[in-house]
Amino acid sequence: MIAKDWCLAKFEATSAEQAIEKIALLLAAHWRVRDSFGHAAVLRERRSPTGLPFSPFPVAIPHVEPDHVLVPTLAVGTLAAPVTFREMACPRSSLDVSIVIVPAFTAAEQSSGALARLMEALQNDALRCALVSAEDAAQLVDLVSRAWKG
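The model shown is predicted, which means the values in this text are computed figures rather than measured ones.

### Considerations on the packing of helix 5 (residues 125-133) against helix 6 (residues 137-149)
- Packing of helix 5 against helix 6 brings their axes to within 9 Å, and their N-to-C directions diverge by 165°. Considered as vectors, helix 5 and helix 6 are oriented roughly antiparallel to each other. Of the two possible hands of crossing, helix 5 and helix 6 adopt the one that is left-handed. Counting all contacts with helix 5, which are made through Leu-127, Ala-130 and Leu-131, the residues of helix 6 involved are Leu-140, Leu-143, Val-144 and Ala-147.
- For the contact of helix 5 with helix 6, the residue count by class is 7 nonpolar, no polar and no charged.

In structure tokens form, the structure reads like this:
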């Protein structure tokens, strides 16, 4: 479900939309999602923000409806410099996000509570600090895999 091929450490983006699109392009290139995924994720982010105000290091979890997903996948990206996402619970507030996690889940994963388990794992301050410090995709995969199973 998670692999270094669709994770990015310290990648460059100038906006939330660009960050989402870069990860979506990776997922589409590896046949994990449909080509429509990135556009759908950007539109959904505008309509229903996904920024979580964790401190330190707020997180965004842009996601879409299952019909854009081919294979259940979890992509992780950390940004070289934070970009602005709007806060999920308070869309008028903005957050400087350094961690973008894209759960490309089918209906089965969505109903199994996978997103809730992911949100629970992300509440761990040490995990978020380690993600931001990770130097490469392999480290991101290792950190998230251990936290999600934990």
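### A short note on the packing of helix 1 (residues 16-29) against helix 2 (residues 37-47)
- As a packed pair, helix 1 and helix 2 sit with axes 8 Å apart at the nearest point and diverge in direction by 150°. On the basis of the axis angle, helix 1 is roughly antiparallel to helix 2. Crossing geometry of helix 1 relative to helix 2 is assigned as right-handed. Mapping the contact onto sequence places Glu-17, Ile-20, Glu-21, Ala-24 and Leu-27 in helix 1 and Phe-37, Gly-38, His-39, Ala-41, Val-42, Glu-45 and Arg-46 in helix 2.

### With respect to unusual backbone geometry
- The residue after Ser-55, namely Pro-56, is reached through a cis peptide bond having omega -5°.
- Tracing the chain through its elements places Pro-56 in the loop between strand 2 (51-52) and strand 3 (59-60).
- Its identity as a non-glycine residue notwithstanding, Lys-10 has a phi of 55°, on the positive side.
- Tracing the chain through its elements places Lys-10 in strand 1 (residues 8-11).

### Some remarks on the sheet that holds strand 4 (residues 73-86)
- In spatial order, the strands read 1-4-5-3-2; together these 5 strands make up an open sheet with mixed pairing. Edge positions in the sheet fall to strand 1 and strand 2, since each of these pairs with one other strand and no more.
- Contacting strand 1, strand 4 and strand 5 (94-104), helix 1 crosses the sheet at an angle of about 160° to strand 4.
- The strands touched by helix 2 are strand 2, strand 4 and strand 5; relative to strand 4, the strand with the most contacts, the crossing angle is about 50°.

### Notes on the nonpolar core
- Judged by nonpolar contacts, the single largest core of 27 residues is most densely connected at Ile-23, Leu-27, Phe-37, Leu-79, Phe-85, Val-100 and Val-102.
- Going through the elements one at a time, helix 1, helix 2, strand 4 and strand 5 are the ones with two or more residues in this core.
- With residues up to four places along the chain from it excluded, the contact list for Val-102 reads Ile-23, Leu-27, Phe-37, Pro-62, Thr-73, Leu-74 and Ala-75.
- Val-76, Leu-131, Ala-137 and Val-144 belong to the second-largest nonpolar core, a separate cluster that totals 25 residues.

### Brief notes about the environment of Leu-79
- Mapping Leu-79 onto the fold places it in strand 4.
- Each C-alpha atom, one on Leu-79 and one on Pro-56, is 14 Å from the other, the two residues being 23 residues apart in sequence.
- If we skip the residues at most four places from it in the chain, Leu-79 touches Lys-10, Phe-11, Ala-13, Ala-19, Val-97, Ser-98 and Val-100.

What counts, and where the lines are drawn
- Residues numbered from 1 in each chain as written.
- Predicted model: local features only at pLDDT ≥ 70, side-chain atom pairs only at ≥ 80, totals over all residues.
- Heavy atoms only, no water.
- Axes fitted to C-alpha atoms, helices over the stretch in contact; angles between N-to-C directions.
- Helix = DSSP H or I, 4+ residues; strand = E, 2+ residues; numbered from the N terminus.
- Parallel < 35°, antiparallel > 145°, perpendicular 65-115°, else oblique.
- Left-handed = near helix turned anticlockwise from the far one by under 90°.
- Contact = heavy atoms within 4.5 Å.
- Nonpolar A, V, L, I, M, F, W, Y, C, P; charged D, E, K, R; others polar.
- Pairing = 2+ DSSP bridges.
- Core = buried A, V, L, I, M, F, W, Y, C linked by side-chain atoms within 4.5 Å.
- Buried < 20%, exposed > 50% of the residue type's maximum accessible area, 1.4 Å probe, protein only.

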